[in-house]
Structures are given as C-alpha cells and as structure tokens.
Amino acid sequence: MSDLDAVEVDELSLEAAAFLETILVEAGMVSSDQSQFGRIIAELSSPDASVARLERLLVRDQALSARVLRLANSASFGLSRSVTSLHSAITVVGFTSIRTLTMASAMAWDRVPERWSEFSLLHAYAAESVAWQMGAPRQEAFSAGLLSDLGRSLLYKVTQGQYELLSDMAEHPDSLPALEYSAYGLTHQHITGEAFNRWRFPDELAQAATCHHDPAEVLSDPLIRAVRVGHDIAAVLQGAEPHLDWDSLTDGHFTSVHLDMYEGAIRAQASDLASVIG
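Fair warning: this is a prediction, and the values are worked out from it, not measured in the lab.

Visitor: Just to check I follow, could you spell out the packing of helix 3 (residues 36-45) against helix 4 (residues 51-58) for this structure?
Guide: Axes are the key here: two packed helices are described by the angle between their axes and the distance separating the axes. Running from N to C, helix 3 and helix 4 point in directions that differ by 170°, and their axes come no closer than 10 Å. In terms of axis orientation, helix 3 runs roughly antiparallel to helix 4. Pair helix 3 / helix 4 crosses with left-handed handedness. Packed against helix 3, whose contacting residues are Gln36, Arg39, Ile40, Glu43 and Leu44, the element helix 4 presents Arg53, Leu54, Leu57 and Leu58 at the interface. Per-class residue counts for the contact of helix 3 with helix 4 are five nonpolar, one polar and three charged.

Visitor: Looking at this structure, I do not really get the nonpolar core. What am I missing?
Guide: Buried together is how nonpolar side chains tend to be arranged in soluble globular proteins. Counting residues in hydrophobic clusters, the biggest one holds 86 residues, and the most contacted among them are Leu58, Met103, Phe196 and Ile233. The element that contributes the greatest number of residues to this core is helix 8 (residues 114-134), accounting for 11 residues. Not counting chain neighbours up to four residues away, the residues in contact with isoleucine 233 comprise Ala126, Val130, Trp246, Phe254 and Leu259.

Visitor: What is the right way to read the pattern of salt bridges from this model?
Guide: Close approach of charged atoms allows side chains with opposite charge to pair. With the rule as written, the count across this model stands at seven salt bridges. Aspartate 174 serves as the salt-bridge partner of arginine 228, at 3.0 Å between the closest nitrogen and oxygen. On the criterion of sequence distance, the pair formed by arginine 228 in helix 15 (residues 222-237) and aspartate 174 in the loop between helix 11 (162-168) and helix 12 (176-184) is long-range, its members being 54 residues apart. The class of arginine 228 is buried, set by a relative accessible area of 3%. Taking the relative accessible area as the measure of exposure, aspartate 174 reaches 18% and is therefore buried. Note that arginine 267 is salt-bridged to glutamate 263, the shortest N-O span being 3.0 Å. Here arginine 267 pairs with glutamate 263, and both are found in helix 17 (residues 256-277), just four residues apart, close to one helical turn. The exposure class of glutamate 263 is partly exposed, given its relative accessible area of 27%.

Visitor: Which parts of the structure should I look at to understand the packing of aromatic side chains?
Guide: Two numbers describe a pair of aromatic rings. These are the distance of the centres and the angle of the planes. As enumerated under the stated definition, the model contains seven aromatic pairs in all. Where tyrosine 125 meets phenylalanine 142, the ring centres are 4.9 Å apart and the plane angle is 65°; that geometry is what we call edge-to-face. Taken together, the residues span a long stretch of sequence, with tyrosine 125 in helix 8 and phenylalanine 142 in helix 9 (residues 138-147) at a distance of 17 residues. Pairing tyrosine 163 with tyrosine 184 gives two aromatic rings, centres 6.4 Å apart and planes at 45°, and the pair type is tilted. Within this pair, whereas tyrosine 163 is found in helix 11, its partner tyrosine 184 is found in helix 12, the two being separated by 21 residues in sequence. Neither tyrosine 163 nor tyrosine 184 differs from the other in exposure class; each is buried.

Visitor: Got a minute to help me understand helix 6 (residues 86-93) in this structure?
Guide: An α-helix turns once every 3.6 residues. As a result, residues three or four positions apart point the same way. For helix 6, every residue scored as buried is listed here: Leu86, Ala89, Ile90 and Val93. Taken down its axis, helix 6 places every buried residue within 100° of arc, on the same side. Contacts from the buried residues of helix 6 go to helix 4, helix 5 (62-72), helix 7 (95-105) and helix 9.

Visitor: Help me understand the confidence of the model for the protein in this model?
Guide: Note that predicted coordinates carrying low pLDDT should not be read in detail. On average, the protein scores 88 in pLDDT, and the residues at 70 or more come to 91%. Predicted confidence in the protein is weakest over helix 1 (residues 3-6), with a mean pLDDT of 50, and strongest over helix 15, with 97.

Thresholds applied
For every chain, the first residue of the written sequence is number 1, and numbering continues from 1 onward in sequence order. Given that the model is predicted, a residue must reach a pLDDT of at least 70 before its local features are reported, and side-chain atom pairs must reach 80 or more before they are shown or counted; all residues, however, enter totals for whole chains, interfaces and linings. Excluding hydrogens and water, the side-chain values take into account all heavy atoms of the structure. Here an axis means a line fitted to C-alpha atoms, over the contact stretch when the element is a helix, while the angle between two N-to-C directions is reported on a 0 to 180 degree scale. Secondary structure follows DSSP: runs of H or I at least 4 residues long count as helices, runs of E at least 2 residues long count as strands, and numbering of each begins at the N terminus. Here roughly perpendicular refers to angles of 65 to 115 degrees, roughly parallel to angles under 35, roughly antiparallel to angles over 145, and oblique to all remaining angles. A clockwise turn of the near helix away from the far one marks a right-handed crossing, whereas an anticlockwise turn of less than a right angle marks a left-handed crossing. Note on contacts: a residue pair is in contact if any heavy atoms of the two residues lie within 4.5 Å. Gly counts as polar in this scheme, as do all residues outside two lists: the nonpolar Ala, Val, Leu, Ile, Met, Phe, Trp, Tyr, Cys and Pro, and the charged Asp, Glu, Lys and Arg. For the purposes of this section, nonpolar cores are sets of buried Ala, Val, Leu, Ile, Met, Phe, Trp, Tyr and Cys residues that join through side-chain atoms within 4.5 Å. Each residue is placed in one exposure class: buried if its accessible area under a 1.4 Å probe, protein chains only, is under 20% of its type's maximum, exposed if it is over 50%, and partly exposed if it falls in between. Counted as salt bridges are all cases of a side-chain nitrogen of Lys or Arg within 4 Å of a carboxyl oxygen of Asp or Glu. Aromatic rings from Phe, Tyr and Trp, taking only the six-membered ring of Trp, are treated as a pair when their centres fall within 6.5 Å; an angle between ring planes under 30 degrees marks them as stacked, one over 60 as edge-to-face, and anything in between as tilted. The arc refers to the directions leading from the helix axis to the C-beta atoms. pLDDT expresses, on a scale from 0 to 100, how confident the predictor is about each individual residue.

Take a look at the structure:
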C-alpha cells in the first residue's frame, strides 16, 4: 500500500481535518440523530430495524418514498405486478437497497456532472456482476460501488464546482486521489469513509467503498476485489483503458469475455436506476 493510501483520517493535517468537518457539516452528516435523514439511516443500521418503523419515517420524506416505490417497480426487481404501497415496496426492495438510496440522496446527483453520476451507476452494476461471478456478496458490492464516489460529490458541492477542474486533470480515475491530496490534504476516500463511519455503516462495506483506488497487490477480500474491478470496468465503459488484470484479481471469474456478456445489462440497469434516483 502506498504512503497516500495509508493516510488515515486521524492522521490528516489540522487544516485537512477541519476541511473534512466542513464538508460533512454542509452535507448534514454531523451525527445520526440531527435530521430526518439521520433517523432513517439510524433505523436501517439498527439490528432491531422494522418495516413498520421505517415506513413511519419514510412517509415524512416524500422524495425518498417515491424513489423506494419507483425502485420496487423497476426492471431491477422484475415483478409481474405493480407495487403501490410503501410498506410493500420496503419489503420488496429491502433495507440494504433503501439505505443505499438514502445515502445516494446525499450525493446530489442532480447537481454534479452527469458523467460522474453515470460512472457511479456503472460502477455499482459492474461490481455486482463481478461479485456474482466470484461468489462475493452482491448487494454489498452494488452498494459499495454506488457510494464509493460519495466524497467526490461532496467535494464538488462544497467547492462550488472548483473540484471539477481538478478532476478533469486526472488522466485516469486512479490518478485522481494524488491530485486531491495535493490540493486538499485529503482524498474523496477519506470523505466517503468518514461519512460511512458517522452513519454507522458496516465496516466491511465502508472498507469496500474506500479501497477502489488501492493497488491490486494489497487486495485480498473478495468483496473489495469485486468493487475494485468494478471501478476499472466502469472506467473502461466510459472510454478509459483498463488498469487492472481482471482475470488475476477475480481468480479467472471475470475477464474481458465476461464484460462482453454483461455490458448490455450493466448499461441498461444503470440507466434504469438513474430514472429512479433522478
């Protein structure tokens, strides 16, 4: 692991740590009990979470409720009948997907470059496809892929678009963290990881969502490898050259041949979810 990858949040400079706090405060991520958003996340993260309590919280957020209903009726679930009640939609979609939708709301995709939101969706479905082939947890791979660039969206929001100029300087997505660290003293992985920590996401999900730029040789967990390969696939689907040996990282379970098989589905599913979240 490089020196940059090894810099933990508690090792950031005082200036970078203060900037991180500013980003999280402006995003409403101070603590899990200060907003309706926080109460929903807290319920979803509770070992005693219930559909009834979650429904009572969601009905207070019409936009999020509508997204849950749209997702339940989307092609992703392929139901033969329409889901018309929020209670039924919660049961169909599941807590993990609703938690992902809730966090995705914080990404403010309507206010970031469309190419970025497209990348996150491609990453999510590519990671899920790789996880399926590897026998790794699919839902976790999807969620980690979708939210791994949360920090980028928050940087864009706080810097009022200045961050986009920095991003455009990156020759490949994997060269972006070094540029971020040089400019801000932190990376979007630091921001994403701290947001996950404050909203009490499982450690394994947080790790998978923040290791998508790590060198291939340090990756051992199948979930993390699926998300890492999914990130490279998303870059390829947006015109970049592959940076990783997919065959090696997935133990032969996902290669360029598999991408030829899955590409159409990945693009279609990403487009479908874009209409749900947007």
